[in-house]
Amino acid sequence: MGTMDDGRIAGAATARYARKKETILAAATAILNRQGVRGMTLADVAAKVGLNTTSVTYYYRKKDDLAAACFMRGLERFEAMVGEAAAETTPAARIMKFLDLYLDLNRRVRLGEATPLTSFAEIKALKEPLRGSVVSAFNDLFRRVRSFFDDPSLAHLDKRQRNARAHLLMEQVFWSGTWLRRYDVEDYGRVRDRMGDILLNGLPAGGRAWAPQALPDPTPLSPEGLEWRETFLVAATRLINQRGYRGASVEDISAALNVTKGSFYHHHEDKDALVSECFERTFTVTRRSQLDARSLEADSWTQLTSTAAGLASYQLSEHGPLLRASSMGALPDTLRHDMADGYARGWQRFGAIISDGIADGSIRPIDPSLAAHMINSMLNAAASLGAWVPGLEREEAADLFAKPLLTGVLA
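Computed from a predicted model, the values in this text were never measured in an experiment.

*Asks:* Please provide a residue-by-residue account of the overall build of the protein chain, values included.
*Replies:* Counting secondary structure elements, the protein chain contains 17 helices and zero strands. Taking all 411 residues of the protein chain together, 49% fall into the buried category. The long-range fraction of contacts in the protein chain, counting pairs at least 24 apart against all pairs at least 6 apart in sequence, stands at 75%. Only carbon and sulfur atoms are counted for the fraction: they give 51% of the accessible area of the protein chain, which is about 18,500 Å². Charge centroids of the protein chain, computed over 51 positive and 50 negative side chains, lie 5 Å from each other.

This is how it looks when you write it as structure tokens:
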């Protein structure tokens, strides 16, 4: 009898341990998404769940252990969705099922019925060997998504094209978390249908061809005597994209630029000032490309493909990449709001071009706002396209990445 009691007590203790661990993971994920790997502390997590730091270390010895656990739990949740979607019989059905499952999970998170989803933007900020383990799990997930495109009907797609489409699809889902809050959960069914329609069928009306026109280089010109500034901002942008806002310290940025900390502070008041300038450069490049496209003597479909193709290629140029929007997450509140406004202006210009295209008949009737979000997502993801398509040349980026989104990922 005592043995049965002992078993019940042990089982209850195990259940309590599991529940507390889940509570810690949920709290840590929310902080990780907001503050990044470097910005998250065990003390912050402990305070959020009503424990002291020592109690949290009983479950996770170090901060990186906890961050890695958040990433792995997030990957497990996506793995479950991808596995269920992969069971569908056609590529189109797999894509729609994946969107449906993700939006349902996002809905439950919004309603407080599920724990927060994990942002994977800062996986590379983990230290080894944890980073290697998490990256390996992410790569496994990527391969499962790529299998969505394994079908006789898509035999014309080579491995590089399937890799690019898998990256595009995953980033559309990951990025949607930044704009879905603009919609009520009751609208999610419509979002799924419109998003899936764009992914599967693209935007052009009347069989219009993919024929983007070349646009002028949108790189801002540095004032005379300040030519170094462009090199400075490109190098800083690359480092921040790799390590995140908090992961890229002043020491790291100075070392990457081969300048002293004193020289850094001579040119910028602090890191926030540098990040603001990197964002403003990104907004300027985007705006110039969009305005140059709008000035073309062509229909709106050609204008849209020209700026989308040009910016996708720009990400892999010597002046690229542009600063990823994920870098906004860990910014101080006032700075983040200003930068979010900058991104919103670029999104609105894409939406305006699409609306004009629907009016002139060159773009079929779709949701302009949602399509503009998806184009922004594609452009952000283009910055890391080279990681999934080794040996990628700048000239290939538009056809491999912008074209599938705008003309349909199964085209």
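*Asks:* Explain the packing of aromatic side chains to me, and be specific about the residues and the numbers.
*Replies:* What the rule picks out here adds up to 16 aromatic pairs. Seen from their ring centres, F98 and F148 are 5.8 Å apart, and the 75° between their planes marks the pair as edge-to-face. Taken as a pair, F98 in helix α5 (residues 91-110) and F148 in the loop between α6 (130-146) and α7 (159-176) lie far apart in primary sequence, 50 residues in all. The pair F98 / F148 is uniform in exposure class, with both members buried. Where W179 meets Y183, the ring centres are 5.8 Å apart and the plane angle is 70°; that geometry is what we call edge-to-face. With relative accessibility at 1%, the residue W179 sits in the buried group. On the basis of relative accessible area, Y183 is assigned to the buried category, the value being 14%. An aromatic cluster of three or more residues is present, and its members are F78, Y102, F120, F138, F142, F174 and W388. The lysine or arginine in question, R182, covers the ring of W347, its NZ or CZ lying 4.7 Å from the ring centre.

*Asks:* For helix α15 (residues 368-382), give the residues involved together with the corresponding values.
*Replies:* Compared with the 21 Å implied by 1.5 Å per residue over 15 residues, the 21 Å span of α15 between its first and last C-alpha is a close match. If you check the start of α15, you find a side-chain oxygen 3.1 Å away from the backbone N of S369, and it comes from D367.

*Asks:* Give a detailed account of the side chain of R162, specifying residues and quantitative values.
*Replies:* Along the chain, R162 falls in helix α7. Judged by relative accessible area, R162 falls into the buried class, the value being 18%. Contacts of R162, omitting those with residues within four sequence positions, involve R146, F149, D150 and L157.

*Asks:* Could you give an account of the environment of D367, with specific residues and numbers?
*Replies:* For D367, the position within the fold is in the loop between α14 (333-360) and α15. Not counting residues within four places of it along the chain, the set of residues in contact with D367 comprises Y183, R190, R194 and I198. For D367, the side chain forms a polar contact with the side chain of R190, separated by 2.9 Å.

*Asks:* If you had to explain unusual backbone geometry to someone new, which residues and values would you point to?
*Replies:* Cis rather than trans, the peptide bond between E128 and P129 has omega equal to 5°. Relative to the helices and strands, P129 resides in the loop between α5 and α6. The step from G320 to P321 runs through a cis peptide bond, and the omega angle for that step is 0°. Among the structural elements, P321 can be located in the loop between α13 (300-314) and α14.

*Asks:* How would you sum up the packing of α5 against helix α8 (residues 188-201)? Please name residues and give values.
*Replies:* Where α5 contacts α8, the axes come no closer than 10 Å and their chain directions differ by 150°. Taken together, the axes of α5 and α8 lie roughly antiparallel to each other. In this structure, α5 crosses over α8, and the sense of that crossing is right-handed. Where α5 approaches α8, its residues A92, I95, M96, L99, D100, L103, N106, R107 and R110 are matched on the opposing element by Y188, V191, R192, D193, M195, G196, L199 and L200.

*Asks:* An account of the nonpolar core is requested, with residue identities and associated values reported.
*Replies:* Formed by 123 residues in total, the largest nonpolar core has its most connected members in L66, L203 and M378. The element that contributes the greatest number of residues to this core is helix α4 (residues 63-86), accounting for eleven residues.

*Asks:* Residue-level account of a positive patch on the surface, with values.
*Replies:* The grouping of R38, R61, K62 and K127 at the surface amounts to a positive patch. Its place among the elements puts R38 in helix α1 (residues 2-39). The exposure class of R38 is partly exposed, given its relative accessible area of 43%.

*Asks:* Give me the environment of F148: which residues, what numbers.
*Replies:* A residue is classified by how much of its surface remains accessible, and F148, at 1% relative accessible area, is buried. Here the alpha-carbon distance between F148 and A211, two residues 63 residues apart in the chain, equals 28 Å. Once residues lying within four places of it in the same chain are set aside, the contact partners of F148 are V82, A85, A86, P91, R94, I95, F98 and L169.

Thresholds applied
Residues numbered from 1 in each chain as written. Predicted model: local features only at pLDDT ≥ 70, side-chain atom pairs only at ≥ 80, totals over all residues. Heavy atoms only, no water. Helix = DSSP H or I, 4+ residues; strand = E, 2+ residues; numbered from the N terminus. Buried < 20%, exposed > 50% of the residue type's maximum accessible area, 1.4 Å probe, protein only. Contact = heavy atoms within 4.5 Å. Areas by Shrake-Rupley, 256 points an atom, 1.4 Å probe, with all protein chains shown as cover. Lys, Arg positive; Asp, Glu negative; His and termini not counted. Charge placed at Lys NZ, Arg CZ, Asp CG, Glu CD. Phe/Tyr/Trp six-rings, centres within 6.5 Å; stacked < 30°, edge-to-face > 60°. Lys NZ or Arg CZ within 6 Å of the ring centre and 35° of its normal. Expected span 1.5 Å × (residues − 1). Polar contact = N/O pair within 3.5 Å; in protein donor to acceptor, adjacent residues only side chain to side chain. Axes fitted to C-alpha atoms, helices over the stretch in contact; angles between N-to-C directions. Parallel < 35°, antiparallel > 145°, perpendicular 65-115°, else oblique. Left-handed = near helix turned anticlockwise from the far one by under 90°. Core = buried A, V, L, I, M, F, W, Y, C linked by side-chain atoms within 4.5 Å. Patch = residues over 30% accessible without salt bridge, like charges linked within 9 Å, V, L, I, M, F, W, Y side chains within 5 Å. Salt bridge = Lys/Arg side-chain N within 4 Å of Asp/Glu carboxyl O.

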